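# Summary of structural features
Residues per chain, in single letters:
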Amino acid sequence: AMAKVHTANALTAKSVLKGMFAYAVRHDAIAANPAANLSPITEKVAEVRAMPAEECAGSRDHFVKTITTKKDVGRQRPSTPVDVLDFLIGTGVRPGEALGVCRQDVDLNAGTVEINNTVYRAKGVGMVLQPETKEGDDRKFKLPPFCLDMLDRRLSQHDAVMVFPSEAGTIYDPNSFGKTWRQVVAGTDYEWVTPKTLRKTVATMLANLLGSQAAAAQLGHTSDAVTLAHYIQRERPT
């Protein structure tokens, strides 16, 4: 029953049951492990959906137009959410990683950025800059020209430690950016698009150009197995 609702929870429950009954067998509470012969649970992998270049450009145009014309969308200065969006499109990093980029992580001369932080809201503490990414690996890569130009402009406009600071000059909350995102796409053709969709889009484009290993390295995956299964859209037959 659990598997029909949430496969991952069902797999966890199955492991726990097998362990519990194995413990009972070892202590002679029961003769055999009834969980050992449970039916296999097959995890359903959702089809990866990325955006083609023209749709990605269209979603960005909609984002820019909406956030710069509607006063009730987001509390940030209009340029900041748009710049964060461009950074996500140009790099494929997670929002928390983008908002964790510090001034010292950007090398304008070399045209590179280092991704070695992430930000999150800690209960009872507030916004925290964590000196490691979700996967625990630092990575450095070249930036596309449009992304580099945006960073050059931003770094010349303020002297905050964070590249994408909040209005108060502190850490920009990823939840705040996510709220702005949802407000912008609500009720539109882009309602299905999330920041993770951008990661899939970047991964798919890189995989088509340079292969799955390059896509995995860009996204910070230790191997391309996860990238292939969950981030790279398979070519659809015409």
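A short tour of the structure in this document, coming up. In this convention, every chain numbers its residues from 1, walking through the sequence in written order. At least 70 in pLDDT is required for a residue's local features to be given in this predicted model, at least 80 for side-chain atom pairs to be given and counted, and no such filter applies to totals for whole chains, interfaces and linings, which use all residues. Each side-chain value is derived from all of the structure's non-hydrogen atoms; neither hydrogens nor water enter the calculation.

## Some remarks on the overall build of the protein
Formally: In this description a helix means any DSSP run of H or I spanning at least four residues, a strand means any run of E spanning at least two, and both kinds are numbered starting from the N terminus. Under the scheme applied here, a residue whose accessible area is under 20% of the maximum for its type counts as buried, over 50% as exposed, and between as partly exposed, the area being computed with a 1.4 Å probe on protein chains only. Contacts are residue-level and defined by heavy atoms, with any inter-residue pair within 4.5 Å sufficient. When charges are tallied, Lys and Arg are placed among the positive residues and Asp and Glu among the negative ones, while His and the ends of the chain are skipped. The location of each charge is read from NZ of Lys, CZ of Arg, CG of Asp or CD of Glu.
The helix and strand tally for the protein stands at 10 helices and five strands. Projected onto the principal axes, the alpha-carbon positions of the protein cover approximately 70 × 50 × 40 Å. Counting across all 238 residues of the protein, residues that qualify as buried make up 43%. Long-range pairs, those at least 24 residues apart, make up 61% of the contacts in the protein between residues at least 6 apart in sequence. The protein carries 29 positive and 26 negative side-chain charges, and their two centres are separated by 7 Å.

## Description of empty space enclosed by the protein
This is how it is decided: The distinction between a cavity and a pocket rests on a 1 Å grid over the protein atoms alone: a 1.4 Å probe fits inside a cavity but cannot get out, while a pocket stays open yet meets protein on both sides within 12 Å along at least five of seven lines, and a residue with an atom within 4 Å of a point counts as lining. Grid points are joined across faces, edges and corners, and a volume is the space filled by probe spheres set on the points. The nonpolar class holds Ala, Val, Leu, Ile, Met, Phe, Trp, Tyr, Cys and Pro. Asp, Glu, Lys and Arg form the charged class, and all remaining residues, Gly among them, are polar.
For the coordinates displayed, the defined rule picks out one cavity of 30 Å³ or more. Sorting the residues of the lining of the largest cavity by element identifies helix H3 (53-69) and helix H7 (174-185) as the ones contributing at least two each. Considering each element in turn, the lining of the largest cavity owes the most residues, four residues, to H3. Partitioned by chemical class, the residues of the lining of the largest cavity number eight nonpolar, two polar and one charged.

## Here we look at the pattern of salt bridges
Between side chains of opposite charge, pairing is possible as soon as their charged atoms come close. Let me state the cut-off plainly: Think of a salt bridge as a Lys or Arg side-chain nitrogen and an Asp or Glu carboxyl oxygen that are within 4 Å of each other.
Scanning all chains against the criterion turns up six salt bridges. Arg-154 is the salt-bridge partner of Asp-83, the closest N and O atoms lying 2.8 Å from each other. Of this pair, Asp-83 sits in helix H4 (residues 79-91) while Arg-154 sits in helix H6 (residues 145-157), placing them 71 residues apart in sequence. For Arg-154, a relative accessible area of 2% translates into the label buried. The closest approach of N and O atoms between Asp-173 and Arg-121, which form a salt bridge, is 3.0 Å. Taken together, the residues span a long stretch of sequence, with Asp-173 in the loop between H6 and H7 and Arg-121 in strand E3 (residues 118-122) at a distance of 52 residues. Asp-173 sits in the buried class, given a relative accessible area of 11%. Residues joined in a network through salt bridges with shared partners are Asp-83, Arg-153 and Arg-154.

## Considerations on the side chain of Thr-112
Its place among the elements puts Thr-112 in strand E2 (residues 112-115). Not counting the four nearest positions on each side in its chain, Thr-112 is found in contact with Asp-105, Val-106, Asp-107, Lys-140, Phe-141, Lys-142 and Leu-143.

## Topic: the sheet that holds strand E1 (residues 106-107)
Each strand in a sheet pairs with another by means of backbone hydrogen bonds, the pair being arranged parallel or else antiparallel. Selection criterion: Strand pairing follows a simple DSSP-based rule, namely that at least 2 bridges must link the two strands.
The three strands lie next to each other as E1-E2-E5, forming an open sheet whose pairing is antiparallel. Bordering the open sheet on either side are E1 and strand E5 (139-142), each of which pairs with just one other strand. Note that E1 and E2 share two bridges and pair antiparallel. The residue bridging Val-106 from the neighbouring strand is Val-113, located in E2.

## A short note on the packing of H3 against H4
Note the threshold: Whenever a helix is involved, its axis is fitted only over the stretch in contact; in every case the axis is a line through C-alpha atoms, and angles between N-to-C directions fall within 0 to 180 degrees. Angular relationships are summarised with four words: roughly parallel below 35 degrees, roughly antiparallel beyond 145, roughly perpendicular across 65 to 115, and oblique for the angles in between. Note on convention: the crossing is left-handed when the near helix lies turned anticlockwise from the far helix by less than a right angle, right-handed when the turn is clockwise.
Contact pair H3 / H4: the axes reach a minimum separation of 10 Å and the direction vectors enclose 170 degrees. Classified by the angle their axes make, H3 and H4 are roughly antiparallel. As H3 packs across H4, the resulting crossing turns out to be right-handed. Across the interface between the two elements, Cys-56, Arg-60, Phe-63, Val-64 and Ile-67 from H3 touch Pro-81, Val-82, Leu-85, Asp-86 and Ile-89 from H4.

## Regarding the pairing of E5
Note on strand geometry: in a regular strand, side chains alternate between the two faces of the sheet. Taking every second residue as pointing to the same face, the buried face of E5 carries Arg-139 and Phe-141, while none of Lys-140 and Lys-142 on the other face is buried. Sheet topology note: the E2/E5 ladder contains four bridges and is antiparallel. Each bridged residue has a counterpart across the sheet, and for Glu-114 the counterpart in E5 is Lys-140.

That is the geometry; function is a separate question.
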